[in-house]
Structure formats: structure tokens, C-alpha cells
Amino acid sequence: MGNDQSGRRIEGRARVHVTRKLMPSVEARMEELFDVTLNDADQAYDRDALGAAMQYCDVLVPTVTDRIDAKLIESAGDELGLIANFGAGVEHIDLAAARKRGIIVTNTPGVFTDDTADMAMGLIIGVPRRMREGVELVRSGQWSGWAPCSMLGNRLGGKCLGIVGMGRIGQAVAHRARAFGLEIAYHNRKRLPDALENMLGARYVDTLDDLMRCADILTLHAPGGEDSHGMIDARRLALMKPGSSIINTARGELIDQDALVEALASGHLAGAGLDVYPDEPTVDPRLLASPNVLTLPHLGSATAEGREASGERVIANIRFWADGHRPPDQVIEGLL
């Protein structure tokens, strides 16, 4: 695990603690380069385990399942100098507390862009075409065969796809959606340059409320955090067209779950495609029971290629830091 047979620290190597099991090639490379502790059991750390890991390591490699708040950072050992996050999102890390302690935080941006956009596109297609209901009908043995008016969904061509958050993933979704004949509207903290809008065929909408009103399908690609928590609430869901649908491959806490359940149960929303949930791995039983909700187990980034590439970016960030250089993916508070 990166130590010699006596268990002593290997001199000259950064002490790295990895909180979840990574791809075999990534772990093997880490063992070559660092004095590394791996999580062979792949069980998510509780708060005590995180605190213990942060007491002795130089580098912590967490994932989105690790909530690293100010108290954990304040009580970390003096040697902790880098939190090299596996993944792009860092809302689970208190950046202000890390900055106060002089701890550098890095992430792995852009690695999962295409993977997540592909998954979002799958849900954008699957919800209007009632794929969950179709799969269940066939597997139940109750399908009676093709009929002209059976299992009717809605075509994508000519519908308006509203994209909330037009960063790398949002843009990748827009690029894919054009091939299906969808009209693209988006809302973002900052408007894209005219040339990029023209390339994507995307129309900027000034407010989120106005985007909710015009979208036939709404797909979420905004970052998590206090500013976006519950941003899709009952009031905003009520603004959507009757029979519209919502897709979320970003963060579960972006949607008020009770409001979503109500909008689906009332028939105001025709369906939802969800890859993320506010209380993962728990999924609200009401969503599981809804035939018009397509549920996935956080698969957006789940490709072998993406997970290997993310691990390689983590290794690169650690090596830069250990050599006394600024890591290429350093996160600067307030500039996410």
C-alpha cells in the first residue's frame, strides 16, 4: 500500500490517502509514485474515518461522497497540504476553510463532459418516449403486441430543450440535441459569446423563470451549492408547460423533491429522468413508484475511460504539488 514491510513511511514520497476504490491502473500508478493508502473495501468513509485520514496524510483524494466541512479541515493534521478531488464538482469541500488553512484544492474538470452529456441525452430521449414504461411492460410479460394507439410518447423534433447551466456539459448536450431537431434555449450566469451561440444554435433566455415557461424538456447542468440548492421549486415547476418533462444529471439538491413528486403525481409534468438524488444512495420511494420517472444510479460519469482519465488528472495534480509547482487544476475560491 505504498509502505515498506515494516509499515514505516517511505521517505521522499508524498503520503496520499484515497477515500474510494479507483480504477486498477490508477491505483497501481499511485503505488509506484506515492506512499499511498487505498480503500480496498470501497466503503464510503464516515466522518470519523475522514477525520482520521486527514490527521496523517499530505494529500487527501476524496470524491463527491465525502463531505469535508470546515470543522474537519480545521482539525486536520499539519501535514495536509493538498485535497486532490476525484471529480469536477467541489461543493462537498469547504473551500474557504481550506484556503484559511493554506490547503490547496484541485479537481478534474472536463474529464466527464462527453460521458455526462451522453447520459443526459439518453434521458432526454427516454422520458418523452416512455422507455421505462416500455421496458417494464415487456419484462412483466403483459405486452400484447404492437397497436396503433399503444404506448404513445412525444417526438423530440421541434420541441424546445431548456438548458440550465451552459458550461462544458451544457454545451455538449446542446451540440447533441441539435441532431435530434430540438430547439435550444438556455439560461446561464453569463451569456455565451455570439459565435458560440451561433455554433450551438442556442438562444439565451434572461431569467430562469422565463426558461421554465418556454421549455418542453428542461435539463439541469448547474453546479451544486448554497446558491443553487432547491432552485427548481414548486413555484418554478408550476411555470412549466403542462406535459413537459425535466432531466437531472447534475446534483440532486437542485430540485425540491417534494415539489417534483407533486408535479408528477398531478400530471402537470409528463415525466422526469433522474441520475442524481438529494439523499444518495437513498431514492424517494414515491419516485420509484412513478411509472413516468426514469431513474438511474448516478451513471453520468460511469465510463471506464472517464474514470481512468480522472484518476490520471488526480495523479498529475499531486505530482505538480509534490514538486513544488502549482497544480494545473487548482480550484480558486469564488472562481469556479
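All values reported here derive from a predicted model rather than from experimental measurement.

Peer 1: Quick one: what's the story with the layout of surface pockets, residue by residue and with numbers?
Peer 2: By volume, the second largest pocket amounts to about 370 Å³. Lining the second largest pocket are 17 residues, and of these Arg129, Ser150, Met151, Leu152 and Gly153 sit closest to its centre. Of the residues that constitute the lining of the second largest pocket, the class distribution is nine nonpolar, five polar and three charged.

Peer 1: Run through the sheet that holds strand β7 (residues 183–187), naming residues and quoting values.
Peer 2: Pairing within the open sheet is parallel, and its seven strands lie in the order β8-β7-β6-β9-β10-β11-β12. Unpaired on one side and paired on the other, β8 (202–204) and β12 (293–295) mark the two borders of the sheet. For this sheet, the mean inter-axis angle between neighbouring strands, taken without regard to orientation, is 20°. Looking at chain direction, strand β10 (residues 244–248) and strand β11 (residues 269–274) are connected through five bridges and run parallel. By the bridge assignment for β11, serine 244 is matched with leucine 269. Strands β6 (160–164), β7 and β9 (217–220) of the sheet are contacted by helix α7 (residues 168–178), whose axis makes an angle of about 170° with β6. Sheet strands touched by helix α11 (residues 257–265): β10, β11 and β12. Its angle to β11, the strand with the most contacts, is close to 135°.

Peer 1: So what's going on with the confidence of the model for the protein? Which residues, and what values?
Peer 2: In the predicted model, the protein carries a mean pLDDT of 94, and the fraction of residues at 70 or more is 96%. Considering only residues more than four positions removed or in separate chains, one finds that residues 1–9, a stretch of pLDDT under 50, has 19 contacts.

Peer 1: Just give me the short version of the domain arrangement of the protein, but keep the residues and values in it.
Peer 2: Along its sequence, the protein is organised into domain 1 (15–111 + 303–323) and domain 2 (112–295). One C-alpha centre belongs to domain 1, the other to domain 2, and the line joining them spans 31 Å. The partner domain 2 presents seven residues to the 12 residues of domain 1 that form the contact. Taken together, the two surfaces of domain 1 and domain 2 that pack against each other cover about 740 Å², and 51% of this comes from carbon and sulfur. When residues of domain 1 are sorted by the area they lose upon contact with domain 2, Glu91, Gly110 and Val111 head the list and together hold 52% of the total. Across the domain 1-domain 2 interface, the total number found is one salt bridge. In this structure, arginine 251 and glutamate 91 form a salt bridge, with 2.1 Å as the shortest nitrogen-oxygen distance.

Peer 1: An account of the sheet that holds strand β1 (residues 15–18) is needed here, citing residue identities and associated values.
Peer 2: Pairing between the strands of a sheet is mediated by backbone hydrogen bonds and can be parallel or antiparallel. Judged by pairing direction, the sheet is parallel, and its five strands sit side by side in the order β2-β1-β3-β4-β5 without closing on themselves. Looking at which strands have only one partner, the edges of the open sheet turn out to be β2 (35–37) and β5 (104–106). For this sheet, the mean angle separating the axes of adjacent strands, direction not counted, is 15°. Sheet analysis places strand β4 (residues 82–84) next to β5, joined by three bridges and oriented parallel. Paired with alanine 84 across the two strands is threonine 106, which belongs to β5. On top of the sheet, helix α13 (residues 304–322) reaches β1, β3 (59–61), β4 and β5; it is set at about 165° to β4, its chief contact.

Peer 1: I'd love a proper account of the UniProt feature "domain: D-isomer specific 2-hydroxyacid dehydrogenase catalytic" (unreviewed entry) in the protein, names of residues and values included.
Peer 2: Per the UniProt record, "domain: D-isomer specific 2-hydroxyacid dehydrogenase catalytic" (unreviewed entry) is found at residues 18–331. End C-alpha to end C-alpha, residues 18–331 measures 19 Å, and it is 38% helix and 14% strand.

Peer 1: Break down the nonpolar core for me, citing the residues and quoting the values.
Peer 2: One finds Leu218, Ile232, Leu237, Ile246 and Leu260 to be the most contacted residues of the largest nonpolar core, which totals 31 residues. At the level of elements, β6, α9 (208–214), β9, α11 and β11 are the ones that each hand at least two residues to this core. Here the element with the most residues in this core is α11; it accounts for five residues. Core analysis: the next-biggest nonpolar cluster, separate from the first, contains 26 residues, Leu123, Ala174, Leu182 and Ala202 among them.

Conventions and cut-offs
- Residues numbered from 1 in each chain as written.
- Predicted model: local features only at pLDDT ≥ 70, side-chain atom pairs only at ≥ 80, totals over all residues.
- Heavy atoms only, no water.
- 1 Å grid on protein atoms, 1.4 Å probe; cavity = no way out; pocket = protein on both sides within 12 Å on 5 of 7 lines; lining within 4 Å.
- Points joined across faces, edges and corners; volume = space filled by probe spheres on them.
- Nonpolar A, V, L, I, M, F, W, Y, C, P; charged D, E, K, R; others polar.
- Pairing = 2+ DSSP bridges.
- Helix = DSSP H or I, 4+ residues; strand = E, 2+ residues; numbered from the N terminus.
- Axes fitted to C-alpha atoms, helices over the stretch in contact; angles between N-to-C directions.
- Contact = heavy atoms within 4.5 Å.
- pLDDT = per-residue confidence, 0-100.
- Domains from an automatic or database assignment.
- Buried area = accessible area lost by both parts, 1.4 Å probe.
- Salt bridge = Lys/Arg side-chain N within 4 Å of Asp/Glu carboxyl O.
- UniProt positions renumbered as here; feature names shortened; annotations may be inferred.
- Core = buried A, V, L, I, M, F, W, Y, C linked by side-chain atoms within 4.5 Å.
- Buried < 20%, exposed > 50% of the residue type's maximum accessible area, 1.4 Å probe, protein only.

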